[in-house]
Amino acid sequence: MRWLRNFGIGVRLTVAFSLVALLLIAVAVLGMMSLRTMNESMRLTVEGRLFKVLEIERVKQDALRTGILVRDATLNEDPVAVRRNAERIGALRQDMRGTLDDLGRWLSTSARPEIQETYRALIEARNAYDTQLDTVLRQLQGGEFDSARSALVATLPAAQAPYFDKLSELSD
């Protein structure tokens, strides 16, 4: 430290100020790099996770809309309404299937096996629900409105509940 005393006060203040300025620049650079990393993580969260949750909620809404269309066709007992609602239901189901297939491709990259297992269980629940829905639609199109009403009250909700539970489990 003796060598530092050989310098004048101006040089010593300049060196000290330069060191403080270098430290300030280093802190600023590290802060910007951290903000950039945090920004990227936020973008991935919003684009990846939030949009997927919104898609799952849309699938739930479409499933509820499907139930309403089935109910309306069952109560009307009108073959024209049954046919029109069956077409709408088909379009909704196709959209739901496409959304869930896209979600499945996204989830297949997950490193968490429990998420992949939940998705497999969701597909099984969806298939069970689709089977019951197909049965109700066949009954409606065949004019078996009493059978369709019975299925609408008993078997369809029983198949729909696990489907919704798995959708909710994925969005949590």
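Before any of the text, the structure's been laid out above.
So, here is what we can say about the structure in this document.

Rules used in this analysis
- Residues numbered from 1 in each chain as written.
- Predicted model: local features only at pLDDT ≥ 70, side-chain atom pairs only at ≥ 80, totals over all residues.
- Heavy atoms only, no water.
- Core = buried A, V, L, I, M, F, W, Y, C linked by side-chain atoms within 4.5 Å.
- Buried < 20%, exposed > 50% of the residue type's maximum accessible area, 1.4 Å probe, protein only.
- Helix = DSSP H or I, 4+ residues; strand = E, 2+ residues; numbered from the N terminus.
- Contact = heavy atoms within 4.5 Å.
- Patch = residues over 30% accessible without salt bridge, like charges linked within 9 Å, V, L, I, M, F, W, Y side chains within 5 Å.
- Areas by Shrake-Rupley, 256 points an atom, 1.4 Å probe, with all protein chains shown as cover.
- Salt bridge = Lys/Arg side-chain N within 4 Å of Asp/Glu carboxyl O.
- Phe/Tyr/Trp six-rings, centres within 6.5 Å; stacked < 30°, edge-to-face > 60°.

**Some remarks on the nonpolar core**
When a protein is soluble and globular, its nonpolar side chains tend to lie buried together.
Okay, step 1: Judged by nonpolar contacts, the single largest core of 33 residues is most densely connected at Val70, Leu140, Tyr163, Leu167 and Leu170.
Okay, step 2: Looking at which element gives the most residues to this core, the answer is helix α4 (residues 113-141), with 10 residues.
Okay, step 3: Those residues in contact with Leu167 that lie beyond four places of it in its chain are Ile56, Val59, Lys60, Leu100 and Leu122.

**Notes on the side chain of Thr99**
Okay, step 1: Mapped onto the elements of the fold, Thr99 is located in helix α3 (residues 79-107).
Okay, step 2: Discounting residues that sit within four places of it in the chain, Thr99 has contacts with Glu55, Arg58 and Val59.

**Examining the environment of Tyr163**
Okay, step 1: Mapped onto the elements, Tyr163 comes out in helix α6 (residues 155-171).
Okay, step 2: The sequence separation of Tyr163 and Ala125 amounts to 38 residues, and the corresponding C-alpha distance is 4.8 Å.
Okay, step 3: Discounting chain neighbours no more than four positions away, the residues touching Tyr163 are Val59, Ala63, Met96, Leu100, Leu122, Ala125, Arg126 and Tyr129.

**Here we look at a nonpolar patch on the surface**
Okay, step 1: Where nonpolar side chains cluster on the molecular surface, the patch consists of Trp3, Phe7, Val11, Val15, Leu19, Leu22, Ile25, Val29, Leu30 and Met33 and spans about 990 Å² of accessible area.
Okay, step 2: Take Leu30: it is sitting in helix α2 (residues 9-76).
Okay, step 3: Of the residues examined, Leu30 reaches a relative accessible area of 54% and is grouped as exposed.

**Here's the deal with the packing of aromatic side chains**
Okay, step 1: A complete count under the given rule lists two aromatic pairs for this structure.
Okay, step 2: The interplanar angle of 20° and the centroid separation of 5.3 Å between the aromatic rings of Tyr129 and Tyr163 together place this pair among those described as stacked. In this pair, Tyr129 sits in helix α4 while Tyr163 sits in helix α6, placing the two residues 34 residues apart along the sequence.
Okay, step 3: In this structure Tyr129 comes out as buried when scored by relative accessible area, which is 1%.

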